[in-house]
Amino acid sequence: MATVPPGIRLLVSFNRDQWYRALTFILTFLLYTSFHLSRKPISIVKSELHKNCSSVNELATIGASSGASSGAGSGQQPSLLTAHLTDMDCSWKPFDKRNYKQLLGAMDYSFLCAYAVGMYLSGIIGERLPIRLYLTVGMLTSGLFTCLFGLGYVYNIHSLGFYIFVQVANGLVQTTGWPSVVTCISNWFGKGRRGLIMGLWNSHTSVGNILGSLIAGYWVSSNWGLSFIVPGLIIAAMGVVCFLFLIEHPNDLKTIHAQNSSPGKRQVQDKSWNGVNGHTEMYLQYKEGKAQSYDTELLLPRDSVCVPVQPVVVVKRESEPSPISFMGALRIPGVIEFSLCLLFAKLVSYTFLFWLPLYITKAAHLDAKKAGDLSTLFDVGGIVGGILAGVISDKLGKRATTCAVMLLLAAPTLYGFSMISEFGLGPTIGMLLVCGGLVNGPYSLITTAVSADLGTHKSLKGNARALSTVAAISAVELKEH
């Protein structure tokens, strides 16, 4: 008989629960990867939007100077040439004005404000609805609004109000993601090695940013509308996958296994049962000298008559834990402190998320695609930093100390990045990796392992439904550009 291949032995070594746990880990990883993948295009497209306008201004300046030096009789020729160039080449408005930074910042600000407000509500709503359905609706609508932003290019829409509306709507529906996936992954994984598991799992944030940069950068110079439409279709498709396969809690599988139990066993049991309602008939008879309760002796006749007894099954139902209130979540020890810590970590992280490609374009004089590719190094460092933070906090058992040390090291590193970026591409790459690790390490730890720890704090007395609200509070960010 041939030996079993080692790969097959490895597969059969895992039991059913481990396979479901692996499915949940991978699926939630991919789901939130698609969320960040759909957020990234705006930062890649920014440099392309202003690149068109800045190049036209240079052409207009050259045209005006050449017209003036020609000495042609009419003094209106330079201005006519400038207007002609502006109308012909700089066709994308309203980002062709001098205040383009404020306009681009307004789109980011509208998204983040809506995200911050919506996150408070999302955790509370998520506790009261099925996570699978709630997350599916959020992903489908997020895909819709992401595609809608790209359709602004297709249909030549130049209204700032249109893009701000899309950003606000997208910011609100994107809040369905984080509380849902954190609650789901925490239901499947206990506290043992939670820092390492969550550190690996939370790399979806950086992976999503990297993929979003690469996808958006592929079309940014030719058709930036596709830089939004393709990520929008991806997150919508993942919403369908979520509806089909996401298992919210291990207890949800019990009903499936009960329904799929062997029919033969049920038939054997049915044949062996008799009596009323499937219970074996029982009888009571009075016997002299037998110890029986006083009430039983009064009810039983003194002759040899057997009295049939109908058994009664009493089922005790455990009460469903009630969702925790917002103020109740704030009273959990550590929620406010870690939320404030995360506020500043996410301020830096989202500043790099939305503005790093444009900064590289202006500082290193690279095109939009190359700047987007280079900006992914910050997220590569974030993957390593998140895993290291999880491992260190597991070993030491001190999550707060791990976050504090990494953030203290990040402050001078960020200042060094602003200085060393002038010394060439090599030092810039190194500093991007280090900054990404030190900033995203605490960010990853707080939003995953710490949120799960706080959501299962002993003061909650086992009320796991509070996790969604705690994760939402800890994930809220307030930023200014």
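Residues numbered from 1 in each chain as written. Predicted model: local features only at pLDDT ≥ 70, side-chain atom pairs only at ≥ 80, totals over all residues. Heavy atoms only, no water.

S.K.: When you look at the packing of aromatic side chains in this model, what are you seeing that I'm missing?
M.R.: For any two aromatic rings, the description comes down to two numbers: the centre-to-centre distance and the angle of the planes. The final tally for this structure, using the stated rule, is 18 aromatic pairs. With a centroid separation of 5.7 Å and 70 degrees between ring planes, the pair formed by phenylalanine 14 and tryptophan 19 is classed as edge-to-face. Of the residues examined, phenylalanine 14 reaches a relative accessible area of 38% and is grouped as partly exposed. By relative accessible area, tryptophan 19 is classed as partly exposed at 43%. Residues phenylalanine 352 and phenylalanine 378 carry aromatic rings whose centres are separated by 4.4 Å and whose planes lie at 10 degrees to one another, so their mutual orientation is stacked. With a gap of 26 residues between them, phenylalanine 352 in helix α16 (residues 335-364) and phenylalanine 378 in helix α17 (residues 368-396) connect regions that are remote in the sequence. For the pair phenylalanine 352 and phenylalanine 378, one class covers both residues: buried. (Phe/Tyr/Trp six-rings, centres within 6.5 Å; stacked < 30°, edge-to-face > 60°. Buried < 20%, exposed > 50% of the residue type's maximum accessible area, 1.4 Å probe, protein only. Helix = DSSP H or I, 4+ residues; strand = E, 2+ residues; numbered from the N terminus.)

S.K.: I'm lost on helix α7 (residues 160-173) in this one. Help?
M.R.: Given 3.6 residues to a turn, an α-helix orients residues that are three or four positions apart in the same direction. The terminal C-alpha atoms of α7, which comprises 14 residues, lie 20 Å apart, in line with the 20 Å expected from a rise of 1.5 Å per residue. Among all positions of α7, only Tyr163, Val166, Gln167, Ala169, Asn170, Gly171 and Val173 are buried. (Expected span 1.5 Å × (residues − 1).)

S.K.: Can you help me understand unusual backbone geometry in this one?
M.R.: Residues other than glycine predominantly adopt negative phi, and peptide bonds predominantly adopt the trans conformation. Backbone geometry at asparagine 156 places phi at a positive 60 degrees, although glycine is not the residue there. Locating asparagine 156 in the fold gives a position in the loop between α6 (131-154) and α7.

S.K.: How should I be thinking about empty space enclosed by the protein in this particular structure?
M.R.: Taking a probe equal in size to a water molecule and rolling it over the atoms shows the remaining empty space. Scanning the entire structure with this criterion turns up four cavities of 30 Å³ or more. By volume, the largest cavity amounts to about 100 Å³. Taken together, 14 residues make up the lining of the largest cavity; nearest its centre are Asn209, Ser349, Leu353, Phe378 and Asp379. Of all the secondary structure elements, the ones that give two or more residues to the lining of the largest cavity are α10 (204-219), α16, α17 and α19 (425-455). Sorting elements by how many residues they give to the lining of the largest cavity places α16 first, with five residues. In terms of residue class, the lining of the largest cavity is made up of six nonpolar, six polar and two charged. Counted as a void, the second largest cavity has a volume near 80 Å³. Around the second largest cavity sit Ser38, Arg39, Ile42, Phe111, Thr146, Phe149, Gln167, Asn170, Phe228 and Phe354, which together line it. Elements that contribute at least two residues to the lining of the second largest cavity include exactly α2 (16-39), α6 and α7. In the lining of the second largest cavity, the residues fall into five nonpolar, four polar and one charged. (1 Å grid on protein atoms, 1.4 Å probe; cavity = no way out; pocket = protein on both sides within 12 Å on 5 of 7 lines; lining within 4 Å. Points joined across faces, edges and corners; volume = space filled by probe spheres on them. Nonpolar A, V, L, I, M, F, W, Y, C, P; charged D, E, K, R; others polar.)

S.K.: Sorry if this is basic, but what is going on with the nonpolar core here?
M.R.: Side chains of nonpolar character tend, in soluble globular proteins, to be buried together. Formed by 77 residues in total, the largest nonpolar core has its most connected members in Leu135, Met139, Phe149, Trp178, Trp201, Phe354 and Leu432. Looking at which element gives the most residues to this core, the answer is α16, with eleven residues. Beyond its immediate sequence surroundings of up to four residues, tryptophan 201 is in contact with Phe25, Thr28, Phe29, Trp178, Val181, Val182, Ile185 and Thr448. (Core = buried A, V, L, I, M, F, W, Y, C linked by side-chain atoms within 4.5 Å. Contact = heavy atoms within 4.5 Å.)

S.K.: What is the right way to read the pattern of salt bridges from this model?
M.R.: Pairing between side chains becomes possible if they bear opposite charge and their charged atoms approach one another. In the structure shown here, the tally under the stated rule is three salt bridges. Lysine 46 is the partner of aspartate 108 in a salt bridge, and the nearest nitrogen-oxygen pair spans 2.3 Å. With aspartate 108 in helix α5 (residues 100-128) and lysine 46 in helix α3 (residues 41-70), this pair connects stretches of sequence that are 62 residues apart. Since its relative accessible area comes to 0%, aspartate 108 is described here as buried. (Salt bridge = Lys/Arg side-chain N within 4 Å of Asp/Glu carboxyl O.)

S.K.: Honestly, the side chain of threonine 175 in this entry has me stumped. Any pointers?
M.R.: Residue position: threonine 175 is located in the loop between α7 and α8 (177-188). Judged by relative accessible area, which is 3%, threonine 175 ranks as buried.

It is worth stressing that arrangement in space is one thing and function is another; only the former is reported here.
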